[in-house]
Amino acid sequence: MLWKSLIALCVIGAALAEQTPVFLWGANSVAKPSLRTVPQAEFADQLAELLKDHMVVAFEENGLSTKDFLCANSQSQSCYAKLQGVSPKTYYTSVENPSEALRSVAAKREHNSIDASGRLVSPAKCSVGTALFVSFEDDEETREVTLESHDSAIAAISKQLDCKVAYLYLAAPSTAPVVQRRTRRDTAATTGGIMWVSGNQFRMFYTSVQYNGVPFSVNSLTITNGTTPATKFSVTLATADPTKSLTFDVLYGDGGYFSLTNVAYAGQQFRSTGIINAPTTFSYACGNLTLETAAVDNLYNTLSFNSLQIQAPFSSTYKENFVFGDSWDCVGFVSTGILMGLFVVVIFLIIIFIGVCWMMDINTMDRFDDPKGKTITINAGAE
């Protein structure tokens with residue numbers, strides 16, 4: 001019974017694993033037999049060695065397969081004319097979960113994307129030991145045109161990095177984080193409210209702001225750069241009462257995220273750590289956001305924003321009075337209803353798994369009644 005259960009689990013695990021092709025260049029790597037799938041652990045060990053003295057940039061192509069590497073354009077030329085000329089290079093026909101292998105060994109991970117013009121949305125910085133995951137924006141071109149444009153974009157971006165870099169071209173995992181596979185959509189509504197803009201450094205919108213449920217007005221916005229403006233600056237929203245200004249700090253963290261900390265109003269400090277954060281290329285949006293102070297005698301003050309939207313790009317490539325990027329909503333993707341549905345599905349899968357195991361354990365009879373033997377007689381009498 002136990003060994004049959006283990007076999008069933010192995011079959012399920014093998015079905016869930018993803019085997020995709022990987023093209024590696026910019027660093028020497030060990031060639032593998034083309035008919036053999038490279039296990040995730042083995043590929044992770046190889047990447048760990050590269051990360052010791054290289055930066056690893058992984059270009060994640062949606063739906064990449066071995067057939068794509070045979071792609072040819074209308075002039076019968078390869079769609080990967082630029083990648084064909086790189087060296088040293090190694091092609092792996094099948095690697096198990098290559099993206100997950102890189103994530104498991106990279107201590108520092110960053111995410112970026114290539115827009116329709118073939119440029120990175122935010123500038124990339126060379127850093128040994130960093131794994132940079134780069135995704136492509138979806139388009140409606142044919143597969144050949146898409147791959148050919150991505151080939152040109154990869155070649156152009158490769159020339160921008162001046163440190164030791166190992167490049168990977170692989171398939172985007174089906175379970176990729178939203179930040180990597182997120183498609184372009186309209187930003188949250190920014191009409192009928194108040195907009196504050198400070199050049200290409202900060203942009204903020206809201207319809208109303210309230211302290212303990214009482215709305216108050218903001219007269220001006222002031223930006224104060226810290227000792228390192230590239231990673232931190234302070235925002236002051238002044239009101240008619242000089243003693244009741246709304247202040248907070250905007251920080252740039254690892255992985256390309258900005259966050260708000262040290263939110264204060266009227267001498268009260270509000271809890272904000274880990275609440276307001278988003279990638280710099282996105283705008284943080286929340287329909288109704290309420291921050292609270294520490295409770296004193298079971299009483300606390302609240303600061304509420306309606307239709308809040310904030311973005312701090314931390315990039316000099318943005319223009320003055322830039323528009324908001326895609327909305328990074330404060331509502332979590334996994335809701336209570338989704339969790340309940342997943343719980344029911346898990347219960348059904350467990351029942352099916354147990355039922356299949358029991359069916360696999362059904363055996364034929366190993367003993368049969370002998371027709372030539374003595375007939376079994378059972379005497380029954382009334383008491």
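Residues numbered from 1 in each chain as written. Predicted model: local features only at pLDDT ≥ 70, side-chain atom pairs only at ≥ 80, totals over all residues. Heavy atoms only, no water.

An unreviewed UniProt entry lists the chain under the name V-type proton ATPase subunit S1, with Drosophila madeirensis given as the organism. Quoted verbatim from the Sequence similarities (unreviewed entry) heading of the UniProt record, the comment on the chain is "Belongs to the vacuolar ATPase subunit S1 family." Recorded in UniProt for the chain, the comment headed Subcellular location (unreviewed entry) runs: "Membrane". (UniProt positions renumbered as here; feature names shortened; annotations may be inferred.)

Glancing now at the overall build of the chain. Looking only at helices and strands, one finds six helices and 19 strands in the chain. Here the chain holds 383 residues, and 38% of them are scored as buried. Long-range contacts, defined as pairs at least 24 residues apart, comprise 63% of the intrachain contacts of the chain with a sequence gap of at least 6. Only carbon and sulfur atoms are counted for the fraction: they give 56% of the accessible area of the chain, which is about 22300 Å². (Helix = DSSP H or I, 4+ residues; strand = E, 2+ residues; numbered from the N terminus. Buried < 20%, exposed > 50% of the residue type's maximum accessible area, 1.4 Å probe, protein only. Contact = heavy atoms within 4.5 Å. Areas by Shrake-Rupley, 256 points an atom, 1.4 Å probe, with all protein chains shown as cover.)

Residues annotated by UniProt as "transmembrane region" (unreviewed entry) correspond here to residues 337-358. Split by type, residues 337-358 is 100% helix and 0% strand. Its first and last C-alpha atoms lie 32 Å apart.

Our focus in this paragraph is the confidence of the model for the chain. In low-pLDDT segments, the atomic positions of the prediction should not be examined closely. A residue-level look at the chain finds 87% of positions with pLDDT of 70 or above and a mean pLDDT of 83. Here helix H5 (residues 178-181) stands out as the element of the chain with the lowest mean pLDDT, 38, in contrast to strand E8 (residues 202-206), whose mean of 93 is the highest. Below a pLDDT of 50 lies the segment residues 176-187, which in the model reaches 31 contacts outside its immediate sequence neighbourhood of four places, other chains included. (pLDDT = per-residue confidence, 0-100.)

A few words on the sheet that holds strand E1 (residues 19-25). One open sheet accounts for six strands, arranged E3-E1-E6-E2-E5-E4; its pairing is mixed. Every interior strand has two partners, whereas the edge strands, strand E3 (89-96) and strand E4 (108-114), have only one. Going across the sheet, the axis of each strand differs from the next one's by a mean of 20°, ignoring polarity. Pairing analysis gives five bridges linking strand E2 (residues 55-61) to strand E5 (residues 130-136), with the strands arranged parallel. Its bridge partner lying in E5, Ala58 is registered against Phe133. Helix-sheet contacts for helix H4 (residues 143-158) involve E1, E2, E4, E5 and strand E6 (165-171), and the interaxial angle to E2 is about 165°. (Pairing = 2+ DSSP bridges. Axes fitted to C-alpha atoms, helices over the stretch in contact; angles between N-to-C directions.)

Moving on, we come to unusual backbone geometry. Here the bond from Ser87 into Pro88 is cis, since omega is -10°, no more than 30 degrees from zero. Located in the positive-phi region is Ser307, a residue other than glycine, with phi close to 55°. Note on placement: Ser307 falls in strand E18 (residues 302-311).

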